[in-house]
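Topology and contacts: notes
One letter stands for each residue in the lines below.
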Amino acid sequence: PPVREAVQRRRPKRLVIVPDAALHQLPFEALLLSAGPRTKYVLDEWPPISYSPSATVLSQLTRRAVAAKSTERRLLLVGHSPSETSGNAPLPGVATECRRIASAWTKPVTKLLDREARESLVTRQLPLHSVVHLATHGFVNEQADNLFGGLLLAPEQDGDDSLSYLDILRTDLTNCELAVLSACQTSVGPERPMEASTSLAQAFLAAGARQVVASLWHVSDESTAELMADFYKRLAEDVAEGRPLQCAESLHAAKRHLRQSTDWNSPAHWASFVFVGPAK
């Protein structure tokens, strides 16, 4: 309660949280403030929240943001829904998600969808775009310290069907202003403090990305499509006005919008995706 009162008294425009250990897996927006017929969460009362794996990473990301040059904000849109015979569950919401994002974006969009969403094409295009959106299955590989965890893609001729943690590290992402990992468990690594973990979000930051939106658990295909469409609609307003991308603020507003839905008002639907980025 004293922390809550202090935050409300100061009325900040944004909060920055640097968690420790297991708290890296907790979205603070989902903390319960009051139960009952009119349930209130931190999302309902607090300002947008940014997360950082450590104070050192926060400082680095803030310096990257200050040093960044203006970009054309070309969008790379990668979407893959596996076939029913692949052994992975199809993601029918991916097509809707990608279509709505592309229609909202006011700058050039490169689409790698379905069979074109292959690792060789994706890694070739990643360095050329300042905004990257990847919508597919995500998976964590606990046995190999997640070095072979990744994002499921269309299979290559040699059978490679993923963008792995190691693939991401080998890609130059210094031009990437924002990477959105619209998949399951993309901000999750092996059970150890996140500063030393090997989540996919960490790989994008290590490769040079300045801001990342990633997930903490298995997410709903349908509600994720709705959340992302609203998120990009708000970002597109920044692009149209020539403003810096207000990622934390746009994600916060999109979560509140989804929370108003009768079908998706549970934190299970809106709390998984978190923003990792600079202090302002």
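Everything here concerns the structure above.
These lines cover the structure that appears in this document, whether it is placed above or below. (Residues numbered from 1 in each chain as written. Predicted model: local features only at pLDDT ≥ 70, side-chain atom pairs only at ≥ 80, totals over all residues. Heavy atoms only, no water.)

**Describing the overall build of the protein chain**
Just so we agree on the cut-off: Put simply, DSSP H or I for four residues or longer makes a helix, DSSP E for two residues or longer makes a strand, and each gets a number counted from the N terminus. Burial here depends on accessible area, computed with a 1.4 Å probe over protein chains only, as a share of the maximum for the residue type. Under 20% is buried, over 50% is exposed, and the range in between is partly exposed. In this description, contact between two residues means that some pair of their heavy atoms is separated by no more than 4.5 Å. The Shrake-Rupley method, run with a 1.4 Å probe sphere, supplies the accessible areas, and residue values consider only the shown protein chains as cover.
A tally of helices and strands in the protein chain yields 10 helices and 13 strands. Counting only C-alpha atoms and orienting by the principal axes, one finds that the protein chain spans roughly 60 × 40 × 40 Å. The buried share of the protein chain, taken over its 280 residues, is 51%. Partitioning the intrachain contacts of the protein chain with sequence separation of at least 6 by distance along the chain shows that 74% fall at a separation of at least 24. Total accessible area on the protein chain is roughly 13,100 Å²; 51% of this is exposed by carbon and sulfur atoms.

**Comments concerning empty space enclosed by the protein**
In this approach, a probe sized like a water molecule rolls over the atoms, and the result shows the empty space that is left. Our working rule: Cavity and pocket criteria rest on a 1 Å grid covering protein atoms alone: a 1.4 Å probe that fits but cannot get out defines a cavity, protein on both sides within 12 Å along at least 5 of 7 lines defines an open pocket, and an atom within 4 Å of a point defines a lining residue. Grid points are joined across faces, edges and corners, and a volume is the space filled by probe spheres set on the points. Three classes are used: nonpolar for Ala, Val, Leu, Ile, Met, Phe, Trp, Tyr, Cys and Pro, charged for Asp, Glu, Lys and Arg, and polar for all others, with Gly counted as polar.
Using the criterion set out here, one finds 2 cavities of 30 Å³ or more in the structure. Of the volumes computed, that of the second largest cavity is approximately 40 Å³. Lining of the second largest cavity is provided by E29, P48, I49, A248, L251, H252, K255 and F275. A per-element tally of the lining of the second largest cavity places helix α9 (residues 247–259) first, with 4 residues. Considered class by class, the residues forming the lining of the second largest cavity number 5 nonpolar, 1 polar and 2 charged.

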